Amino acid sequence: MSWLGPQEWAAVALSLKVSFWAMLSSLPFGMLCAYALARWRFPGRQVLNGLVHLPLILPPVVTGYLLLMTFSPRAPVGQLLDTIGLPLAFRWTGAALAAAIMGFPLMVRAMRLSIEAVDPKLEEAAATLGASRAWVFCTITLPLILPGVLTGAILAFAKAMGEFGATITFVSNIPGQTQTLPSAIYAFLQVPGGESSALRLVVVSVVVAMTALMLSEWVSRKIAARVGA
């Protein structure tokens, strides 16, 4: 990417870093929520479902504001995290948290649909043979839902790459520290002569998003074919 300037390349690199950790850190929680919503019946299930999908309904700025109120250095939770060396507000780690929350509903949705497509009788048959729930999940359920898990992870990654409203509200737009790709595009559009830089970053955004989606489809088909065989 030699055609990108230093600030542009820094924004792309930071976006990739933020998106990767946002996707990776939310993956186990996404799988747990998806499995709970697909298989379990418990009081408050609809509340959990509403909370999972809430970031899709709320304006991203509201999500960012709530994160700022919760994790700012003046808030109790923020003070605790600062004490143990894990500050979030106005740091790239906070951008990863905001991106993870915004992409979480897409991840859970893809995984939940995949889990619901698995015949529960297969899991019950394995359980009657003495297999534990964890073993049944690892040997029966997980291989069958791998395409959905992969799709959910890549959708969350792509969503994190394009996240803007919650991120800029929570961690601001600091070049080299919290300025992700969408924030950089916004910043370049605010200064005279920045249109060319913004256009280059738009091209990068489209290429990364399309690559992620095509990779998701290709790998999902490969995994589905192998599982079917």
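This is a predicted model, so every value here is computed, not measured.

Draft legend 1. Geometry of empty space enclosed by the protein. With the rule as written, the count across this model stands at two cavities of 30 Å³ or more. For the largest cavity, the calculated volume is near 50 Å³. Taken together, Ser15, Val18, Ser19, Ala95, Ala160, Met161, Glu163, Thr167, Thr180 and Pro182 make up the full set of residues lining the largest cavity. Taken together, the elements giving at least two residues each to the lining of the largest cavity come down to helix 1 (6-39) and helix 7 (133-162). Looking at the lining of the largest cavity element by element, the count peaks at three residues for helix 1. Computed from the structure, the second largest cavity encloses a volume of approximately 30 Å³. Looking at the second largest cavity, the residues that line it are Ala22, Met23, Ser26, Ala99, Ala100, Gly103, Phe104, Ala156 and Ala160. When contributions to the lining of the second largest cavity are tallied by element, the ones reaching two or more residues are helix 1, helix 5 (92-116) and helix 7.

Draft legend 2. Here's a closer look at the layout of surface pockets. Each pocket or cavity is described by its volume, and for the largest pocket that value is around 500 Å³. For the lining of the largest pocket, the secondary structure elements donating two or more residues are helix 1, helix 2 (45-57) and helix 5. Ranked by residues supplied to the lining of the largest pocket, first place goes to helix 5 with seven residues. When its residues are assigned to classes, the lining of the largest pocket shows 18 nonpolar, three polar and no charged.

Draft legend 3. Seen up close, the pattern of salt bridges. What the rule picks out here adds up to three salt bridges. Taking the shortest distance from any N to any O, the salt bridge between Glu123 and Arg39 comes out at 3.0 Å. Of this pair, Glu123 sits in helix 6 (residues 120-128) while Arg39 sits in helix 1; the two residues are 84 residues apart in sequence, bridging distant segments of the chain. Measuring nitrogen to oxygen at the nearest pair gives 3.1 Å for the salt bridge that ties Glu116 to Arg112. Linking Glu116 with Arg112, this pair stays in helix 5, spanning four residues, or about one helical turn. Assessed through its relative accessible area of 39%, Glu116 is described here as partly exposed.

Quick notes on the rules
- Residues numbered from 1 in each chain as written.
- Predicted model: local features only at pLDDT ≥ 70, side-chain atom pairs only at ≥ 80, totals over all residues.
- Heavy atoms only, no water.
- 1 Å grid on protein atoms, 1.4 Å probe; cavity = no way out; pocket = protein on both sides within 12 Å on 5 of 7 lines; lining within 4 Å.
- Points joined across faces, edges and corners; volume = space filled by probe spheres on them.
- Helix = DSSP H or I, 4+ residues; strand = E, 2+ residues; numbered from the N terminus.
- Nonpolar A, V, L, I, M, F, W, Y, C, P; charged D, E, K, R; others polar.
- Salt bridge = Lys/Arg side-chain N within 4 Å of Asp/Glu carboxyl O.
- Buried < 20%, exposed > 50% of the residue type's maximum accessible area, 1.4 Å probe, protein only.

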